[in-house]
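Observations on the model geometry
Below, each chain spelled out in residue letters.
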Amino acid sequence: MTETDIDNVVLVTVDSLRADATGPYDDARHTPVLDGLADSGTVFEHAFATGNWTPFSFPGILASRPAFADNGTIGVEESQTLAETLSSAGIETGGFNAANSFLTTHWGYDDGFNAFGSFVAEVGSTIYSRYLAAHPTVEGWIQLATSPFRRLSAKLRGNTDELPFLDTSRMLDVERNAQSFIEDTDEPFFLWVHFMDAHTPYVPAPRYVREVSESRLGTHRMLLAHTRTGLGLEVNDRTLEDLRTLYQGAVRQIDASIGRLLETIETAGVDDETAVIVAGDHGEEFQDHGHLAHYPKLYDELIHVPLIVDVPGADSQRIESAVGLDALPPTVCDLFGIDGDETWAGDSLASAVMDGEAPPDDPVISVAVRGDRVTSQPIPRELDDGDLLVSARSTEWTYIRNIETGEDELYHRPSDPDQQDDRSDDEHDGAVALARERLRPLAIAHGESLSSEGQPDDREVDSDIERRLSALGYK
């Protein structure tokens, strides 16, 4: 691999960000900052999360380990994390997570970070603050309902309405702490930031809704959309359109925040020596397979995510090979010129970024755990909470297997991008047979490797963490 002059790496992860919600993967989307990173960097066309939701995907993202590989529950406490490896090598490390309770000290995600903030415990002691912590949509309603007055006031004062005045997603907390870390750090640094705006409930500042849609989405329609979904009522076409609009507005809000981080890097004078990586931790469903959000499924709307790597001096390109997000820790280490941990499962993508060498087109494994029903509560967090689903993906094919029941599915994505035509029973197509023969053993072997590992986590979860998880729909 060509040696780099990189002193710093910034890793931006975005909760619930599906690939086709961004401009680099869909020309119809409005994400100018991500478009700029893609224009100068490397876009991985077939990047896949290793799980359908945060606790199943992040062991790969920050520790290059499969979910449940090192214990029978979620978390990275028993894994060698990227931050621990970098910190041991003398890299200054900072991590800031916008109140996703699955990415906290409870599950070991602070390990190795010199500066860490999750913004989960800062709920406050008043009844009002605790209520808002458990009902973030209410803050969004307040924001939308008062936005005309705020906009008029800002206009009269000559101020901009670029920032939301209520930090419902803790985006501003993350952004400001990340900016301070960049400004105050003189040594080579690794910075990880995680945004939650694209996670339900979607409550972007109104200006971003206007940017992504010509629709006159008013407060009453936003309230109606969230009320219908919150009560479990039928989601009609108009409500689904409104939810998509709010989601895209939230994505644009994140895009703008990333832009301000890039401006901070430039102002600090380290842009020529800082690599920037952006990835979604998993996707989001809008009834692609009958539901909303990210329930236990392994179709592309939840697994296909954006992955953009912008390294100063490297050529712009698009890579077709299938890659998993567990490649991120070894890639970051390679960019710093230090050795990754020998237990890591992923392979570095640094040579692909720097030299254009296509990485091995190995299938990517992803997992989910499903209870008796897709939408059962509490949503499964441990292997013993339901059936283990494992998928194996190549650039063209998706194979999904229920390890417990032996049921399987097989989809050819180029001809069936929505994955509606299950071809697992097709005995007459040679290409189907080859895909099945290649992918099925990988899925089965992965499932068997996890089925007897570790013990469930019986530790009591902090009440503030549980309150945040409940607010996000994880009862």
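Just above sits the structure.
Residues numbered from 1 in each chain as written. Predicted model: local features only at pLDDT ≥ 70, side-chain atom pairs only at ≥ 80, totals over all residues. Heavy atoms only, no water.

Here we look at the overall build of the protein chain
A tally of regular secondary structure across the protein chain gives 14 helices and 14 strands. The burial tally for the protein chain puts 58% of its 475 residues in the buried class. Restricting the contact set of the protein chain to residue pairs at least 6 apart, pairs at least 24 apart contribute 71%. (Helix = DSSP H or I, 4+ residues; strand = E, 2+ residues; numbered from the N terminus. Buried < 20%, exposed > 50% of the residue type's maximum accessible area, 1.4 Å probe, protein only. Contact = heavy atoms within 4.5 Å.)

Quick look at the side chain of Asn100
Within the fold, Asn100 resides in the loop between β3 (92-97) and β4 (115-117). Look at Asn100 and you get buried, because its relative accessible area is 1%.

A closer look at the packing of aromatic side chains
On inspection of all chains with the given rule, the structure shows 15 aromatic pairs. Look at Phe113 and Phe190: their rings are 6.4 Å apart centre to centre, the planes differ by 20°, and that puts the pair in the stacked class. Here the residue Phe113 occupies a position in the loop between β3 and β4, and Phe190 occupies one in strand β5 (residues 189-195), the gap between them amounting to 77 residues. The same class applies to Phe113 and to Phe190, which are both buried. An aromatic cluster is built from Phe58, Tyr109, Phe113, Phe116, Phe190 and Trp192, whose rings are joined through pairwise contacts. Its guanidinium or amino end placed over the ring of Phe48, Arg393 lies 5.4 Å from that ring's centre, counting from NZ or CZ. (Phe/Tyr/Trp six-rings, centres within 6.5 Å; stacked < 30°, edge-to-face > 60°. Lys NZ or Arg CZ within 6 Å of the ring centre and 35° of its normal.)

Things to note about the sheet that holds strand β14 (residues 408-412)
With respect to topology, 4 strands assemble into an open sheet ordered β11-β12-β13-β14, the strand pairing being antiparallel. Each edge of the open sheet carries a strand with a single partner, namely β11 (364-370) and β14. Adjacent strand axes in the sheet meet at a mean angle of 15° when their direction is disregarded. Relative to strand β12 (residues 387-393), β11 runs antiparallel, the two sharing 7 bridges. (Pairing = 2+ DSSP bridges. Axes fitted to C-alpha atoms, helices over the stretch in contact; angles between N-to-C directions.)

Brief notes about a negative patch on the surface
Among the surface-exposed residues, Glu183, Asp184, Asp186 and Glu187 lie close enough to one another that they form a single negatively charged patch. You can see Glu187 is positioned in the loop between α6 (171-184) and β5. (Patch = residues over 30% accessible without salt bridge, like charges linked within 9 Å, V, L, I, M, F, W, Y side chains within 5 Å. Areas by Shrake-Rupley, 256 points an atom, 1.4 Å probe, with all protein chains shown as cover. Salt bridge = Lys/Arg side-chain N within 4 Å of Asp/Glu carboxyl O. Lys, Arg positive; Asp, Glu negative; His and termini not counted. Charge placed at Lys NZ, Arg CZ, Asp CG, Glu CD.)

Focus on the nonpolar core
Counting 67 residues, the largest nonpolar core has Val9, Phe44, Leu86, Phe190, Leu307 and Val311 as the members making the most contacts within it. Discounting chain neighbours no more than four positions away, the residues touching Val311 are Ile6, Ala275, Leu335, Val353 and Met354. (Core = buried A, V, L, I, M, F, W, Y, C linked by side-chain atoms within 4.5 Å.)

A short note on the pairing of strand β1 (residues 8-14)
Burial analysis of β1 places 7 of its 7 residues in the buried class, the great majority of the element. Alternating positions in β1 separate into two faces, Asn8, Val10, Val12 and Val14 on one and Val9, Leu11 and Thr13 on the other, with burial throughout. With 7 bridges joining them, β1 and strand β6 (residues 274-280) adopt parallel strand pairing. Following the sheet pairing, Asn8 is matched in β6 by Thr274. Strand direction decides the pairing type here: β1 and β5, joined by 6 bridges, are parallel. Paired with Val14 across the strands is Phe195, a residue of β5.

Overview of the sheet that holds strand β2 (residues 42-48)
In space, the 8 strands of this open sheet follow the order β4-β3-β5-β1-β6-β9-β2-β10, with mixed pairing throughout. At either end of the open sheet lies a strand with only one pairing partner, and these are β4 and β10 (317-324). Strand-to-strand twist in this sheet, taken as the mean axis angle between neighbours without regard to direction, amounts to 15°. Strand direction decides the pairing type here: β2 and β10, joined by 6 bridges, are parallel. Residue pairing across strands places Val43 opposite Arg318, the latter belonging to β10. Those strands touched by helix α1 (residues 32-40) are β2, β6 and β9 (307-310), and its axis lies near 60° from that of β9.

A word on the pattern of salt bridges
Applying the stated rule across the entire model yields 18 salt bridges. In this structure, Asp300 engages Arg393 in a salt bridge whose closest nitrogen and oxygen atoms are separated by 3.0 Å. One end of the pair, Asp300, is in helix α10 (residues 300-303); the other, Arg393, is in strand β12, with 93 residues separating them in the sequence. Exposure class is identical for Asp300 and Arg393. Each is buried. A single network of salt bridges, built from pairs that share partners, joins Arg207, Glu211, Arg252 and Asp255.

Concerning unusual backbone geometry
Pro201 follows Thr200 through a cis peptide bond whose omega is 0°. Considering the arrangement of structural elements, one finds Pro201 in the loop between β5 and α7 (206-212). In this structure, Gln287 takes a positive phi of about 60° despite not being glycine. Structurally, the position occupied by Gln287 is in the loop between β7 (285-286) and β8 (292-293). Despite not being glycine, Ala293 shows a phi value in the positive range, around 75°. For Ala293, the location among the structural elements is in strand β8. The class for Ala293 is buried, based on a relative accessible area of 17%.

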